[in-house]
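# Topology and contacts: notes
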Amino acid sequence: MSGNVKSSENQSLIGVNLSFEINKKQFHATTDTLGNFSENIPSGDVVIKIHHLDFTPKSIYFNAVKDTVISVFLEKDIAQLKEVVISNDKKSGIKTLSGGKLSFNLKELSGVPTVLGTTDIIKLLQLTPGVQNSGDANGYLYVRGGDPGHNAILYNETPIYGMSHLLGIFPFYNTDHIKDVEFDKSSSNPKYGGRLSSSTLLNTNKKLPSEFSIQGNAGILASQLTFAVPLSDKTGFYISGRKTYIDEIMGPILKSGSNNDVQDMNYGFSDANFTFLSQISKNNLFSLDAFFSGDELKVKDENLALRTNLKWKNFTVSPSLTTIFSPKVNMMNSLYFSHYSNELNMEQATIQFWVSSYVKDFGFTNSVRFSIANIPIESGLQYVYHNLQPQKVNVENLTTLDNKSQRIINANEAAIFVSAKPKLFENVTADLGLRINYYTSGSDSYLHFQPRAVLNYYANENYSFYASYNRQYQYLSLITTSSVGIPTDFWIASSDGIKPQSSDEFSIGSNQNITKNLSSSFGGFYRSMKNLLEYPYGITQFNEITTLKNDLYVGEGKAYGFEMMLKKSSGKFSGWLSYTLSWSDRNFDELNNGKTYFAKYDRRHNLSLVGMYDLNSKWNFGVTQLFSSGNRFTMPTSWYFINNNPVKEYSGYNNAQMPDYVRTDLSVNYYFIKTAKKESALNFSIYNTFNIANPIYVVLDVEVSEDKSNVVVKQEKKVLYRMLPSISWRFKF
């Protein structure tokens, strides 16, 4: 049984649930991104029930005697009732998918507290199992013991290389423009490669707007607007914009957090999203997606005669064409361009210093979905041309230093992939995939086979189990130069003897439906990593003879742990509890005398509690409670004197630990209007409600007595910010 589900406006509907009842047996299917579905059922009298939250349910009765293709049209549910509460019909904000993957419905997670009163995708991911809380002053993801550059962020399958606004304080993506998020901790889909850890897919709305609408958020720190504009029955677009006006507000907060070291600080960011859709014909949908973000941070300290200007930008554009050949066969072709750059300009007294970097991608993706013997298959090919400059350095008014670490690197990467989802036994299914990568840069070339496999066992409707194995290779690597997430980091490519990083990951897990609204999941993982990179020189290291290969340390790592999640998906109270117990080790010959040491983000315990409570149709409350072990850092263990000067002595690399991280966030939503088409609500949020000081780093002050007979060491904990209240107005009409 296969077919397509569309709205009365002839738009394909995604995520429609279909149930087939025949001979007292139940079968289920869900429409894909093109509105298509396919399910194997026995012959006989069948009842098909079609359900979508925004449309009137429909039932179809007939006798199935052979393979059948049907087309279903759903009518909008236009009935509007006042003060009616339908229990157990709320869509789940977060869903657990096959293999431990997670899917987020951002609309249903608006009650989770954030600084700006809008949903923060990165911070949502940090509240889930297997993802380390990176603490304050950091917008990166750390997944299952990996480094921040090991995670792929894909905006409509286009890679984004710059991943945060200032220090992770602000949401990086405008969630009004994004329909849903798919998060895979293991990146088990062979369609996506080039990273060792996770893949996060940000999917924009691919439904043609049927009428003009506007929604947005106005707050004390930033505001955003999103327009849906129909141009004709078959053409329309969505456009979004966001802007801060926080110099007068955020500057004093940052100053207070740095003990007034900074005399003058200005920061601002803006971003924009654009999606154009055109139904060229019945079976061809053209879309054009674009994303831009720009940040600028200026710091001036007259006491040090210091002026600093830091800029970083993202720009992506991607046209794509989706073609439906039949209910079982469709194809998508897309081009994309992605550009990320950062530039640091420092001036102190008579010294001027510039350092900049960029990465550009020109790519093409082809994918075809079809079925063979009722086995869903997706295959295709990809090509991307990488153009990047790791670091370009100018000092004073001299010409650029002519060293190899600053040269432009070009690389070519091609891949073919195939995935299949066969049903092996009555209760056993598999997600099998293979990705074959060919990479070349200069005289270096690599051919890698990357198998991916997930086995799912469904014991009954309430219990399921999975086991997976994934091999990954990474050719572009992020070199982090700052401990607090300031974007002076840069990307390098595998070239001149710098080998690709690799990872092998095994995981097992289970999902349980405890009651209709309560579910749980448990899992464990083990990952080994090779050719990991460390850059020990801070922002930059340059001279006439240096090369990136000589400056980089190469080592190995492993990570393993246990993950669990307890989730309540509907009712007046909803939310989840997640816990991760994990270890992450590193081994570099040049560090810690070659002995294994803890990675910086080896945080033994990570506990997150998220709760949302709908008191009535007007009031909604949200709370998040976080606890995690502190980051690792290196601290001297003793001091001694040479020529009357104190000298530090270290016992081991990353031998100390920051204090435990504890934070409580609260939010309250009051709705003036809340219907399917209109919304007006005030959001009150408090970030770090109990004003707990969570330091971002520790400075050691050494005081020596006058006779130099003893040394007193004091730890000064640097805190960026404490309690941050905010208020915003969210609207849609």
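Residues numbered from 1 in each chain as written. Predicted model: local features only at pLDDT ≥ 70, side-chain atom pairs only at ≥ 80, totals over all residues. Heavy atoms only, no water.

## With respect to the overall build of the chain
- From N to C terminus, the chain includes 3 helices and 47 strands.
- With 733 residues in all, the chain has 52% of them scored as buried.
- Once local pairs closer than 6 in sequence are excluded, the contacts in the chain between residues at least 24 apart make up 62%.
- Surface summary for the chain: the accessible area is close to 32,900 Å², and the carbon and sulfur share equals 56%. (Helix = DSSP H or I, 4+ residues; strand = E, 2+ residues; numbered from the N terminus. Buried < 20%, exposed > 50% of the residue type's maximum accessible area, 1.4 Å probe, protein only. Contact = heavy atoms within 4.5 Å. Areas by Shrake-Rupley, 256 points an atom, 1.4 Å probe, with all protein chains shown as cover.)

## Comments concerning the sheet that holds strand β1 (residues 2–7)
- Judged by pairing direction, the sheet is mixed, and its 3 strands sit side by side in the order β4-β1-β7 without closing on themselves. Across the chains shown, the open sheet's two edge strands, defined by having one partner strand only, are β4 (36–38) and β7 (69–74). Direction aside, the axes of adjacent strands within the sheet are offset by 25 degrees on average.
- Two elements, β1 and β7, share 6 bridges in a ladder whose sense is parallel. Within the sheet, the bridge partner assigned to S2 lies in β7 and is V69. (Pairing = 2+ DSSP bridges. Axes fitted to C-alpha atoms, helices over the stretch in contact; angles between N-to-C directions.)

## Examining the packing of aromatic side chains
- Tallied over the full model, the rule gives 27 aromatic pairs.
- Seen from their ring centres, F172 and Y173 are 4.7 Å apart, and the 80 degrees between their planes marks the pair as edge-to-face. Considered together, F172 and Y173 belong to a single accessibility category, that of buried residues.
- It is R632 that lies over the ring of F598; its NZ or CZ is 4.0 Å from the centre.
- Over the aromatic face of Y671 sits the side chain of K674, whose NZ or CZ is 4.4 Å from the ring centroid. (Phe/Tyr/Trp six-rings, centres within 6.5 Å; stacked < 30°, edge-to-face > 60°. Lys NZ or Arg CZ within 6 Å of the ring centre and 35° of its normal.)

## Quick notes on the pattern of salt bridges
- Inspection of every chain in the model, using the stated rule, returns 18 salt bridges.
- In this structure, K298 and E296 form a salt bridge, with 3.9 Å as the shortest nitrogen-oxygen distance.
- According to the relative accessible area criterion, K298 is partly exposed, its value standing at 40%.
- Take E296: its relative accessible area is 28%, and that puts it in the partly exposed class.
- Among the salt bridges present, the one from D665 reaches R663, with a minimum N-O distance of 2.9 Å. Taken individually, D665 and R663 each receive the classification buried, so the pair is uniform in this respect.
- A cluster of three or more residues bridged by salt bridges with shared partners is formed by R144, K185, E505, R527 and E563. (Salt bridge = Lys/Arg side-chain N within 4 Å of Asp/Glu carboxyl O.)

## Focus on the sheet that holds strand β13 (residues 158–159)
- In spatial order, the strands read β8-β9-β14-β15-β12-β13; together these 6 strands make up an open sheet with mixed pairing. Each having just a single partner strand, β8 (94–96) and β13 make up the two edges of the open sheet.
- For strand β9 (residues 102–105) and strand β14 (residues 178–184), the ladder comprises 4 bridges, and the chain directions are antiparallel. Pairing of L102 across the sheet is with F183, part of β14.

## Focus on the pairing of strand β47 (residues 724–732)
- Note that strand β16 (residues 213–219) and β47 share 5 bridges and pair antiparallel. Note that in β47 the partner of Q215 across the bridge is K732.
- In this structure, strand β44 (residues 679–687) lies alongside β47, joined through 9 bridges in antiparallel fashion. The residue bridging A681 from the neighbouring strand is R730, located in β47.

## Some points on a nonpolar patch on the surface
- A cluster of nonpolar side chains, V418, L434, Y438, L447 and F449, forms an exposed patch at the surface whose accessible area comes to about 450 Å².
- Summarising the element assignment, F449 is placed in strand β28 (residues 444–458). (Patch = residues over 30% accessible without salt bridge, like charges linked within 9 Å, V, L, I, M, F, W, Y side chains within 5 Å.)

## Some thoughts on the nonpolar core
- The biggest cluster of nonpolar side chains holds 67 residues, and the ones touching the most others in it are F104, Y173 and W491.
- If one sorts the elements of this core by residue count, helix α1 (residues 121–125) sits on top with 4 residues.
- Apart from the residues lying within four places of it in its own chain, the contact partners of W491 are G149, Y161, M163, R195, Y340, V359, L388, P390, Q474, L476, S477 and L478.
- Counting 19 residues, the second-largest nonpolar core is a separate cluster that includes M1, V5, L13 and A29. (Core = buried A, V, L, I, M, F, W, Y, C linked by side-chain atoms within 4.5 Å.)

## Observations regarding empty space enclosed by the protein
- Using the criterion set out here, one finds 15 cavities of 30 Å³ or more in the structure.
- Roughly 400 Å³ of internal volume is contained in the largest cavity.
- Taken together, 26 residues form the lining of the largest cavity, with P159, G193, Y336, Q382 and R435 sitting closest to its centre.
- For the lining of the largest cavity, the secondary-structure elements that each account for two or more residues are β12 (152–155), β23 (351–372), β24 (375–395), β25 (409–420) and β27 (428–441).
- When residues of the lining of the largest cavity are assigned to their parent elements, the largest contribution, 4 residues, is made by β24.
- Taken as a whole, the second largest cavity spans an internal volume of roughly 120 Å³.
- For the lining of the second largest cavity, the secondary-structure elements that each account for two or more residues are β32 (501–513), β33 (518–534) and β34 (553–568).
- In terms of residue class, the lining of the second largest cavity is built from 6 nonpolar, 6 polar and 2 charged. (1 Å grid on protein atoms, 1.4 Å probe; cavity = no way out; pocket = protein on both sides within 12 Å on 5 of 7 lines; lining within 4 Å. Points joined across faces, edges and corners; volume = space filled by probe spheres on them. Nonpolar A, V, L, I, M, F, W, Y, C, P; charged D, E, K, R; others polar.)

## Looking at the pairing of strand β35 (residues 573–588)
- Pairing geometry for β34 and β35, over 14 bridges, is antiparallel. Counterpart to E563 in the pairing with β35 is T580.
- From the end of β34 to the start of β35, which pair antiparallel, there are 4 residues, and G571 there has a positive phi angle of about 100 degrees.
- Two elements, β35 and strand β37 (residues 605–614), share 9 bridges in a ladder whose sense is antiparallel. In the sheet register, S578 faces β37, and the bridge partner there is S608.

## Re the confidence of the model for the chain
- Taken as a whole, the chain shows an average pLDDT of 84; of its residues, 86% reach a score of 70 or greater.
- The element-level mean pLDDT for the chain is lowest in helix α2 (residues 247–257), coming to 56, with β25 highest at 95.
- Below a pLDDT of 50 lies the segment residues 257–263, which in the model reaches 17 contacts outside its immediate sequence neighbourhood of four places, other chains included. (pLDDT = per-residue confidence, 0-100.)

## Side note on the environment of N616
- With respect to the element layout, N616 can be found in the loop between β37 and β38 (619–628).
- When the C-alpha positions of N616 and Y671 are compared, they lie 9.9 Å apart, and in sequence the two are 55 residues distant.
- There is a polar contact of 2.8 Å between the side chain of N616 and the backbone nitrogen of K618.
- At 2.9 Å, the side chain of N616 and the backbone nitrogen of W619 are in polar contact. (Polar contact = N/O pair within 3.5 Å; in protein donor to acceptor, adjacent residues only side chain to side chain.)

## Quick look at the side chain of S186
- If you trace the backbone, S186 turns up in the loop between β14 and β15 (199–204).
- The buried category is assigned to S186, whose relative accessible area is 7%.
- A polar contact is formed between the side chain of S186 and the side chain of R144, at a distance of 2.9 Å.
- Setting aside chain neighbours within four positions, we find S186 in contact with R144, S197, N470, Q472, E505 and S507.

## So, the side chain of T204
- Relative to the elements of secondary structure, T204 occurs in strand β15.
- By relative accessible area, T204 is classed as buried at 5%.
- At a separation of 2.7 Å, a polar atom in the side chain of T204 contacts the side chain of N156.
- At 3.2 Å, the side chain of T204 forms a polar contact with the side chain of D289.
- With residues up to four places along the chain from it excluded, the contact list for T204 reads Y155, N156, H177, I178, K179, T275 and D289.

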